[in-house]
Amino acid sequence: MSKIAILADSGCQLNSREGLYIVPLLVTINEDSYLDGIDIDSAQVFEKMKNDPMCMPKTSQPTSGDLVSAMEKIKDAGYDMILGISIATGLSSTLSGMQLAADMVGIPITLVDSKGTAGNQRYLVEVAESCIAKGMPIEAIKETLDTLVETSATVIMASNLDHLKRGGRITPAVALLAGMLKIVPVMKLNNALGGKIDTLAKARTQKKARMVMIEDMQAHGVNAKDYKITVEHVLCEEEAKALVDEIKGHFGKEIDIQFGLLPSVVGVHMGIGGLGLQYIHK
């Protein structure tokens, strides 16, 4: 039986453990680069942004060296193949970087595009670990994860569009118009485009924007029994908790919701006040 290791990036907010290898994404602040989850964490990145409104961190995929190093460790540990689960290809080139590194090291890799990150990517990793423990072949694991990805979604709202504009996620004209009209845009990662940010709706208030998020869940058949929910934020805990309360009000208090800060590699593009909602079928 083949021995399978899982390789994921730090966007999933997990640490390495037996059978799971995490490679750090990069965060650059004022020309200084940090390894996400090793040199710096979300809280530290967001505090820098809060204390300096001109601070516009940048992010990038794991270095080739870090990917190769992780795969060499996997190979040395006696694993025969790798299951790579990456942040959305619409947000990062990490998936292609994994393939390139695997070719360099000479180890087979099967790739899964999470088409998201954070809670959804984390859940895919956890499901993969369970499948490996059951002895499932890697092709069946990939099919299982790809099916779950198609049930998933990431919906975001950002009160400050400067970071999305600077990162090229939206055009300067859209950012200017939204600011002038006091619009709260609600955006969604487009699964058909590998998780690229796409416009979902425009709301006049944050409360209405949160309702757009809930309506999206309802439209896609989300329910308390079958779905796992993640609500994460960029230093707007009160707003995030309001969304959690509203979700429970519509779907029942028993609904499974994880709560916390967004990964720094996502939050830096949304800015302070950014809010993310994710759902995925269990």
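Thresholds applied
Residues numbered from 1 in each chain as written. Predicted model: local features only at pLDDT ≥ 70, side-chain atom pairs only at ≥ 80, totals over all residues. Heavy atoms only, no water. Helix = DSSP H or I, 4+ residues; strand = E, 2+ residues; numbered from the N terminus. Rg over C-alpha atoms; globule rule 2.2 N^0.38 Å. Buried < 20%, exposed > 50% of the residue type's maximum accessible area, 1.4 Å probe, protein only. Contact = heavy atoms within 4.5 Å. Areas by Shrake-Rupley, 256 points an atom, 1.4 Å probe, with all protein chains shown as cover. Lys, Arg positive; Asp, Glu negative; His and termini not counted. Charge placed at Lys NZ, Arg CZ, Asp CG, Glu CD. Salt bridge = Lys/Arg side-chain N within 4 Å of Asp/Glu carboxyl O. Phe/Tyr/Trp six-rings, centres within 6.5 Å; stacked < 30°, edge-to-face > 60°. Lys NZ or Arg CZ within 6 Å of the ring centre and 35° of its normal. Disulfide = S-S within 2.5 Å. Core = buried A, V, L, I, M, F, W, Y, C linked by side-chain atoms within 4.5 Å. Axes fitted to C-alpha atoms, helices over the stretch in contact; angles between N-to-C directions. Parallel < 35°, antiparallel > 145°, perpendicular 65-115°, else oblique. Left-handed = near helix turned anticlockwise from the far one by under 90°. Nonpolar A, V, L, I, M, F, W, Y, C, P; charged D, E, K, R; others polar. Pairing = 2+ DSSP bridges.

**Q** Just to check I follow, could you spell out the overall build of the protein for this structure?
**A** Secondary structure summary: the protein contains 10 helices and 13 strands in total. Compactness check: the protein gives a C-alpha radius of gyration of 19 Å against a globular reference of 19 Å for 282 residues, within 12% of the reference. Seen along its three principal axes, the alpha-carbon backbone of the protein occupies a region of about 60 × 45 × 30 Å. Counting across all 282 residues of the protein, residues that qualify as buried make up 53%. A separation of at least 24 residues holds for 75% of the contacts in the protein among residues at least 6 apart in sequence. Total accessible area on the protein is roughly 12600 Å²; 52% of this is exposed by carbon and sulfur atoms. With 28 positive and 34 negative side-chain charges, the protein shows a separation of 6 Å between the mean positions of the two kinds.

**Q** How do you make sense of the pattern of salt bridges when you look at a structure like this?
**A** Pairing is possible between side chains that carry opposite charge, provided their charged atoms lie close to one another. Applying the stated criterion across every chain, the model contains 10 salt bridges. A salt bridge links Asp 256 to Lys 228; its shortest N-O distance comes to 3.1 Å. Of this pair, Asp 256 sits in strand S12 (residues 256-261) while Lys 228 sits in strand S11 (residues 227-233), and the two are 28 residues apart along the sequence. Residue class for Asp 256 comes out partly exposed when judged on its relative accessible area of 26%. Salt bridges sharing common partners tie together Lys 207, Arg 210, Glu 239 and Glu 246.

**Q** For this particular structure, what's the right way to read the packing of aromatic side chains?
**A** For any pair of aromatic rings, the description rests on two quantities: the centre-to-centre distance and the angle between the ring planes. Summed over the entire model, instances satisfying the criterion amount to 2 aromatic pairs. Where Tyr 227 meets Tyr 279, the ring centres are 6.2 Å apart and the plane angle is 70 degrees; that geometry is what we call edge-to-face. With Tyr 227 in strand S11 and Tyr 279 in strand S13 (residues 275-281), this residue pair connects regions lying 52 residues apart in the sequence. Of the two residues, Tyr 227 and Tyr 279, both sit in the buried class. For the cation-ring pair, Lys 3 lies above Tyr 79, with the distance from its terminal atom to the ring centre recorded as 4.5 Å.

**Q** Help me out: how do you make sense of the state of the cysteines in this one?
**A** Disulfides are covalent bonds that connect the sulfur atoms of two cysteines. Considering all chains together, one arrives at 0 disulfides under this definition. With no disulfide of its own, Cys 55 lies 17 Å from the sulfur of Cys 236, the closest cysteine sulfur. Considering cysteine sulfurs only, Cys 12 is the nearest to Cys 131, which forms no disulfide, with 16 Å between them. Residue classification places Cys 131 among the buried positions, given a relative accessible area of 6%.

**Q** For this particular structure, what's the right way to read the nonpolar core?
**A** The tendency in soluble globular proteins is for nonpolar side chains to be buried as a group. Within the largest apolar cluster, 26 residues are counted, with the highest numbers of intra-cluster contacts made by Met 217, Ile 229, Val 231, Leu 243, Ile 247 and Leu 277. Put simply, the parts of the chain that give this core at least two residues each are strand S8 (153-157), strand S9 (184-190), helix H8 (206-219), S11, helix H9 (237-251) and S13. When near neighbours in sequence (up to four residues on either side) are disregarded, Ile 229 contacts Met 217, Val 222, Ile 247, Ile 255, Asp 256, Ile 257, Gln 258, Leu 277, Gln 278 and Tyr 279. Within the second largest apolar cluster, 23 residues are counted, among which are Ile 4, Ile 6, Leu 145 and Val 149.

**Q** Would you take a moment to explain the environment of Pro 24 for this structure?
**A** Tracing the chain through its elements places Pro 24 in the loop between strand S2 (20-23) and strand S3 (26-29). Taking C-alpha positions, Pro 24 is 8.4 Å from Thr 63, a pair spaced 39 residues apart along the chain. With sequence-adjacent residues up to four places away left out, Pro 24 is seen in contact with Ser 10, Leu 35, Asp 36, Ile 38, Pro 62 and Asp 66.

**Q** Is there a simple way to explain the packing of helix H2 (residues 64-76) against helix H3 (residues 94-105) in this structure?
**A** Helix-helix packing is characterised by the crossing angle of the two axes and by the distance between the axes. Interhelical geometry of H2 versus H3 gives an angle of 50 degrees and a closest axis separation of 9 Å. In terms of orientation, H2 and H3 fall into the oblique class. Note on packing geometry: the crossing formed by H2 with H3 is right-handed. Across from Leu 67, Val 68, Met 71, Glu 72 and Lys 75 in H2, the residues of H3 making contact are Gly 97, Met 98, Ala 101, Ala 102, Met 104 and Val 105. Looking at side-chain class alone, the contact of H2 with H3 contains 8 nonpolar, 1 polar and 2 charged residues.

**Q** Would you mind going over the pairing of strand S4 (residues 32-35) with me for this structure?
**A** Sheet faces and side chains relate simply in a regular strand, where the side chains alternate between the two faces. Taken together, the 4 bridges between S3 and S4 define a ladder with antiparallel strand orientation. By the bridge assignment, Ile 29 is partnered in S4 with Asp 32. In this structure, the hairpin formed by S3 and S4 is closed by a connection of 2 residues, where Asn 30 is found at a positive phi of approximately 50 degrees.

Distances and angles like these do not, on their own, reveal function.
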